[in-house]
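Chains, contacts and geometry: an overview
Chain by chain, the residues run as shown.
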Amino acid sequence: MKHSLSTFGNRLALDSGIGELMQDLGETLASGDENLCMLGGGQPAHIPEVDERWLERFRELAEDPKQVASVLGDYQPPGGDAAFRDSVAKLFEREFGWPITAKNVCITAGGQTAFFLLLNALAGSFDDGTRRKVLLPIVPEYIGYADLATSSDLYHALHPKIEKIGDHEFKYAIDFDAVKIDDSIAAICLSRPTNPSSNVVSDAELEHLAQLAEENDIPLIVDNAYGDPFPGVIFTDSTPIWKPSMVLTYSLSKLGLPGTRTGIVIANKERIQWMMSMNAISSLANNNIGQAIIRPMIDSGEIMSLSHDVIRPFYEERSRQTRGWLTEALDDSVPYRIHRSEGAFFLWLWLERLPISSAELYQRLKQRGVMVISGHYFFFGLKDKDWPHRDECLRISFTTSEPVLRRGIQILADEINRLYAT
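Residues numbered from 1 in each chain as written. Predicted model: local features only at pLDDT ≥ 70, side-chain atom pairs only at ≥ 80, totals over all residues. Heavy atoms only, no water.

Reading across the sheet, the six strands line up as E6-E7-E12-E13-E16-E15 and stay open at both edges, with mixed pairing between neighbours. Sheet topology places strand E6 (161-165) and strand E15 (373-374) at the edges, where each strand pairs with a single neighbour. Strand direction decides the pairing type here: strand E12 (residues 336-339) and strand E13 (residues 346-351), joined by three bridges, are antiparallel. The partner of Arg337 across the bridge, within E13, is Trp350. Set on the sheet, helix H11 (residues 358-367) makes contact with E13, E15 and strand E16 (393-397); between it and E16 the angle comes to about 40°. (Pairing = 2+ DSSP bridges. Helix = DSSP H or I, 4+ residues; strand = E, 2+ residues; numbered from the N terminus. Contact = heavy atoms within 4.5 Å. Axes fitted to C-alpha atoms, helices over the stretch in contact; angles between N-to-C directions.)

What follows is the structure, given as structure tokens:
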């Protein structure tokens, strides 16, 4: 007998943008084909100084049999290792004066899992028959949020303001005149820096959103996967902000440890308690290895110097280089704009009046061995599904090796130049 999937199964078993992205990433890395140019994933770069530090930490762990036995052979509580949570809380208290303790910290199996639990707990369908949504105050927004919903459409997204700068640059901003919060909104959510555009919501914008959240008794969730204090891939002046009404997420992935699947949530004690309960049900306990590797570096402050003195300069320089290579390779006749680079691992390319959709361009580039991400995936939650801008953008990752990146940029530009020349 053929059995159909449940509502939950159908929602999670569907084809998705994040599924396509991770499939491309995994196949490209596994193939070992040097002719493939992976410019599409969120894979962090292999920075030699950083990789060497992970190797040193592995050796230090291996030389302590008692710690190896604990890290590999013991379950930790559902909220994560108590000592690690305490170290995280003390880091933020020490650096920013936040009045938090270990009871404000929960560890999850990566940032993606944190958002799956958070957003489905706060929004969706409720026992009384009502439905509430998560407000995305600015799109494009992270592709990984798009298909997290288990029960109903999860998002209400707002168009950004678009500021054109010079001949080939632009920047998104929140249109606060369009921000309307009523009982149908369960939370506000954004990433900072924003994946995919590299946009950094200003301190003033973030404070304004936090005030709106407090006034409406809903949380403001801020995804700091690329932000301060670690990995610190943020190129503008910004200040980490936390209030009891806010939920902040961090990750070890963009430091260079995506394989450890270690996410960090900072929130009020009540929200942390129910995050722990959901962890216990969904995954029993968390991966111990990431916490063990990083904890001494948090206690010593090394995680701050590694982020700000090594990781951030690497990506800031790579962003500048990639922009230069792309600008040189595109014909003067191509009406392109690149979002102002303010952080993260990507360039966000806007091709005005693109003759084909960005999804079609993605397929053409894939046939030529270049993997990017079509921009349309990042505009979920909008009522206006026919906004041309959403089909004119590409996300380009610059974390691969320089030779591969330069070759990929040349092929990308060649394909674009041909489109506009016809």
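More follows now that the structure is in view.
What the rule picks out here adds up to 20 aromatic pairs. Each ring, one from Phe345 and one from Phe346, has its centre 6.3 Å from the other, and the planes form 50°; the classification is tilted. For Phe346, a relative accessible area of 0% corresponds to the buried category. Between Phe379 and Trp387, the aromatic rings sit 5.7 Å apart at their centres with planes inclined by 85°, giving edge-to-face as the arrangement. (Phe/Tyr/Trp six-rings, centres within 6.5 Å; stacked < 30°, edge-to-face > 60°. Buried < 20%, exposed > 50% of the residue type's maximum accessible area, 1.4 Å probe, protein only.)

Our focus in this paragraph is the packing of helix H9 (residues 289-300) against helix H10 (residues 302-329). Where H9 meets H10, the axes come as close as 5 Å, and the angle between the chain directions of the two elements is 90°. On the basis of the axis angle, H9 is roughly perpendicular to H10. Between H9, through Ile294, Met297, Ile298 and Ser300, and H10, the contact on the second element is made entirely by Glu302, Ile303 and Leu306. (Parallel < 35°, antiparallel > 145°, perpendicular 65-115°, else oblique.)

Okay, the side chain of Asn120 next. Structurally, the position occupied by Asn120 is in helix H6 (residues 111-122). Among the residues examined, Asn120 registers a relative accessible area of 17% and is labelled buried. A polar atom in the side chain of Asn120 sits 2.9 Å from the backbone oxygen of Phe116. If sequence neighbours within four positions are ignored, Asn120 has contacts with Phe115, Leu148, Ala149, Thr150 and Leu154. (Polar contact = N/O pair within 3.5 Å; in protein donor to acceptor, adjacent residues only side chain to side chain.)

The next point concerns the pattern of salt bridges. Counted according to the given criterion, the structure contains 20 salt bridges. Here Glu60 and Arg53 are joined by a salt bridge, their closest N and O atoms 3.8 Å apart. By relative accessible area, Arg53 is classed as buried at 15%. Measuring nitrogen to oxygen at the nearest pair gives 3.7 Å for the salt bridge that ties Glu415 to Arg364. Of this pair, Glu415 sits in helix H12 (residues 402-421) while Arg364 sits in helix H11; the two residues are 51 residues apart in sequence, bridging distant segments of the chain. Overall, Glu415 belongs to the buried group, its relative accessible area being 8%. Residues participating in the shared-partner salt-bridge network are Arg53, Glu56, Arg57, Glu60 and Glu302. (Salt bridge = Lys/Arg side-chain N within 4 Å of Asp/Glu carboxyl O.)

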